[in-house]
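Understanding the architecture of this molecule
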Amino acid sequence: MTYSVEKVKKFKANLQESVLICSERCLLNATHWTTEIINGIEYPDHEKELLTDSIFYPASLETTNYESKYPRLTEQEYNRYQYAKSAFQMRQYENAHHLLKGHNAPRLKFLRLYAFYLAGEKGKAEEMLDILGSTENPQAENSAIPFLYEELLIGYDKGELDAFCLYLQSTVVELYINRYGVVLRKRKEYFKAAKVLLRSIHEYEYNWSAWMELCMIVQDETMFEDIKQLLNSDMPDSIMKDFFLAKVSLRLHLPKHHFDEAIKPLTEYFSNSAYITTQHATAFYEANQYKQASDLFQDIQERHPYRIEGLELYSNMLFLESNAEKLSLLADQCMRVDKYRTETCCVIANYYNISRNIDKSIEYLKRALKLDRSVHWVWTLLGHDYIEVKNTDAAIVCYRRAIDENPSDYRAWYALGQTYQILNLDAYAVSYYNKTLELRQVSKLYIYMRVPHDIRVWKCLVECHDRLGNREKREYCHQKAQQCKIGKPCVAAIELARLFAKMGQQAKAVKNYIEDMEGEVAEANLFVARDFIAKTDYSSAESFIEPVLSMSYPYNAEAKELLKELVALKINRRDEEMR
């Protein structure tokens, strides 16, 4: 599906109104996302000239489609609201809540309840204190929740809640009772929670924070398909829906065709959007195509040198590539932009880890979690660091917290399996490795049926079943491991080349098209080499491996692994002949 120019223009006009509506309610994340999307819209050249020359007359808040549905504020309400909003912006949440007591106009009611909620969150954070320390209280609760629940329930039953108060129900984080919003998410009542959020989204579609909360509720591919079908039926022309589907497919690590289906129409008109480019880079990262992801993150850095979003993933890739120099420069840049950001703390932690200063790495990961405890992969990284210092108990706690935050992240399950394998608890390790494989399948209907692409898990299962004495399962896993390859980087290269071409960056597109050709040659050579190895024609196999050794990563890495295997086979055959 492609969008018409008129549809994109209408979408942009609605987003421009959303900036006014969300910023007026102090929804900073939603406002920031919306402005970034508007800035990234690209029209065809003839349309672009008209936009450049035309003068823009923005709408006022009161004339927007959403606000015009409600009565205008009285002078007293307006003055009180501006006073409370200024207190809110100075993080005086209790004061903002107090100033708006007794006021029930939709805008005032939302800010009053939202301020009360954030005041409770602030108190909760102060109670929780240290990460994994003696003073940590992971059971701390938001004291505002019972009062918020009662008021929201009354308003919900009377039908008095507007789109933003409905969204607030889904933002009430702590467990109180098995009913609305995120309260339901914490009790795994996902469908009831989704119902409230969908009602909020239907009433006002352009609040990105509501979409993000819905993203957190979707737990697996089955629920994703249900939500997708419902949205396609109720909101067939919604562009916001496509942004949401692309985002949730990445969060759940779903098969890439889900992401491609949602992102393809967006890429045409948002090709220069930093957000869309970051989503593409994240998709390559999730597919372990680190070179392609790294190229996109570098492109974002060149165009937006002071944008920090997504750079924590870029630092993970630099760490995996052992590129200490680039990681050092990235850490320095993030420190200069904003040292009190979760992303910055993660980048610095990766720098200290690659420098083998694990204690400092742990310190910065804990700082990241103090800023935002819900970032699941930071818990996973912290667990890895505790493994480095041989604190397996703390590592297990971290991995379990990562799973609590995002049960669909296979990395935490895999890490748990490795930890229990280190402890020689192979039966537990096998169950966690099986869960990892389940999450890595194209579909849950085909578990263990497709050719796997993650050789590490199968090799670990081989070792566990060997120690457990399960010979048949060991052989099965060994066969699966033999079928594994690093992947098809040439496919990723051509995808990236097409993306750069759409962005008008010819040099980068040409570079990736050349890499695509190199990838096809490498894939063919290694396939033929494996066939010769199977036929024990080792000399012919070596002649096909050698050209790939001089190619770029990851082709040369795969060739080196195959050459090691070939050398071992040659030594074994020589030993047998000597006997």
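Just so you know, these numbers come straight off a predicted model, no measurement behind them.

1. A few points about the pattern of salt bridges
Counted by the stated rule, this structure contains 26 salt bridges. The partner of R112 in a salt bridge is E151, with the nearest N and O atoms 2.8 Å apart. Placement of the pair is R112 in helix α6 (residues 106-128) and E151 in helix α7 (residues 145-158), with a sequence separation of 39 residues. Take E151: its relative accessible area is 26%, and that puts it in the partly exposed class. A salt bridge links K256 to D260; its shortest N-O distance comes to 2.9 Å. Here the residue K256 and the residue D260 both occupy positions in helix α14 (residues 256-269), the gap between them amounting to four residues, near one helical turn. Salt bridges linked by common partners bring E24, R25, E62, E67, K85 and R107 together as one network.

2. Some points on a negative patch on the surface
Together, E94, E126, E127 and E141 line one region of the surface with negative charge. Looking at the secondary structure, you find E127 in helix α6.

3. Regarding the UniProt feature "repeat: TPR" (unreviewed entry) in the protein chain
In the UniProt entry, the feature "repeat: TPR" (unreviewed entry) is given for residues 376-409. What you have in residues 376-409 is 79% helix and 0% strand, and the ends, taken at the C-alpha atoms, are 8 Å apart.

4. A word on unusual backbone geometry
Phi is positive for S322, close to 55°, though the residue is something other than glycine. Note that S322 resides in the loop between α17 (311-320) and α18 (324-337). At T536, a residue that is not glycine, the phi angle is positive and equals roughly 60°. The topology assignment puts T536 in the loop between α28 (506-534) and α29 (538-549).

5. Some points on a nonpolar patch on the surface
The grouping of L423, L425 and Y428 at the surface amounts to a nonpolar patch, some 270 Å² of accessible area in total. Locating L423 in the fold gives a position in the loop between α23 (410-422) and α24 (426-440).

6. Overview of the packing of aromatic side chains
A complete count under the given rule lists 30 aromatic pairs for this structure. Judged by centre distance (6.1 Å) and plane angle (50°), the ring pair of F243 and Y275 falls under tilted. Remark: Y275 occurs in helix α15 (residues 274-286) and F243 occurs in helix α13 (residues 239-251); sequence separation between them is 32 residues. A residue is classified by how much of its surface remains accessible, and Y275, at 8% relative accessible area, is buried. Their ring planes at 25° and their centres at 5.7 Å tell us that Y352 and Y364 sit as a pair that is stacked. One end of the pair, Y352, is in helix α19 (residues 342-354); the other, Y364, is in helix α20 (residues 358-371), with twelve residues separating them in the sequence. The buried category is assigned to Y364, whose relative accessible area is 11%. Over the ring of F284 we find K256, and its NZ or CZ is 5.7 Å from the ring centre. Over the aromatic face of W413 sits the side chain of K435, whose NZ or CZ is 5.5 Å from the ring centroid.

7. Some remarks on the state of the cysteines
On inspection of all chains with the given rule, the structure shows zero disulfides. Cysteine C345 remains unbridged, with the sulfur of C346 as its closest cysteine sulfur at 6.9 Å.

8. Considerations on the confidence of the model for the protein chain
Per-residue pLDDT for the protein chain averages 83, and the proportion of residues at 70 or more is 83%. Below pLDDT 50 for its whole length, residues 173-188 participates in 53 contacts with residues either more than four positions away or in separate chains. For residues 442-452, every residue scores under 50 in pLDDT, and the model assigns this stretch 26 contacts once sequence neighbours within four places are set aside.

9. Side note on the side chain of N207
The topology assignment puts N207 in the loop between α10 (190-203) and α11 (208-217). Polar side-chain contacts of N207 include one of 3.1 Å to the backbone nitrogen of S209. Leave out the neighbours within four places in its chain, and N207 touches C22, L27, A30, F164 and Y167.

10. A closer look at α15
The terminal C-alpha atoms of α15, which comprises 13 residues, lie 18 Å apart, in line with the 18 Å expected from a rise of 1.5 Å per residue. Of the residues that open α15, the one with a side-chain oxygen 3.2 Å from the backbone nitrogen of Y275 is S273. N288 sits one or two positions beyond α15 and adopts a positive phi of about 60°.

11. A word on the nonpolar core
Grouped together as the largest cluster of nonpolar side chains are 88 residues, with contacts concentrated most on F243 and F244. For F243, the residues in contact, after removing those within four places along its chain, are F11, W33, I37, W208, L266, F270, Y275 and I276.

12. Quick notes on the side chain of N406
Considering the arrangement of structural elements, one finds N406 in the loop between α22 (392-405) and α23. Owing to a relative accessible area of 1%, N406 belongs among the buried residues under this scheme. Side chain to side chain, N406 and H376 meet in a polar contact 3.3 Å long. The residues touching N406, leaving out its near neighbours within four places in the chain, are R251, H253 and H376.

Thresholds, definitions, all that
- Residues numbered from 1 in each chain as written.
- Predicted model: local features only at pLDDT ≥ 70, side-chain atom pairs only at ≥ 80, totals over all residues.
- Heavy atoms only, no water.
- Salt bridge = Lys/Arg side-chain N within 4 Å of Asp/Glu carboxyl O.
- Helix = DSSP H or I, 4+ residues; strand = E, 2+ residues; numbered from the N terminus.
- Buried < 20%, exposed > 50% of the residue type's maximum accessible area, 1.4 Å probe, protein only.
- Patch = residues over 30% accessible without salt bridge, like charges linked within 9 Å, V, L, I, M, F, W, Y side chains within 5 Å.
- Areas by Shrake-Rupley, 256 points an atom, 1.4 Å probe, with all protein chains shown as cover.
- Lys, Arg positive; Asp, Glu negative; His and termini not counted.
- Charge placed at Lys NZ, Arg CZ, Asp CG, Glu CD.
- UniProt positions renumbered as here; feature names shortened; annotations may be inferred.
- Phe/Tyr/Trp six-rings, centres within 6.5 Å; stacked < 30°, edge-to-face > 60°.
- Lys NZ or Arg CZ within 6 Å of the ring centre and 35° of its normal.
- Disulfide = S-S within 2.5 Å.
- pLDDT = per-residue confidence, 0-100.
- Contact = heavy atoms within 4.5 Å.
- Polar contact = N/O pair within 3.5 Å; in protein donor to acceptor, adjacent residues only side chain to side chain.
- Expected span 1.5 Å × (residues − 1).
- Core = buried A, V, L, I, M, F, W, Y, C linked by side-chain atoms within 4.5 Å.

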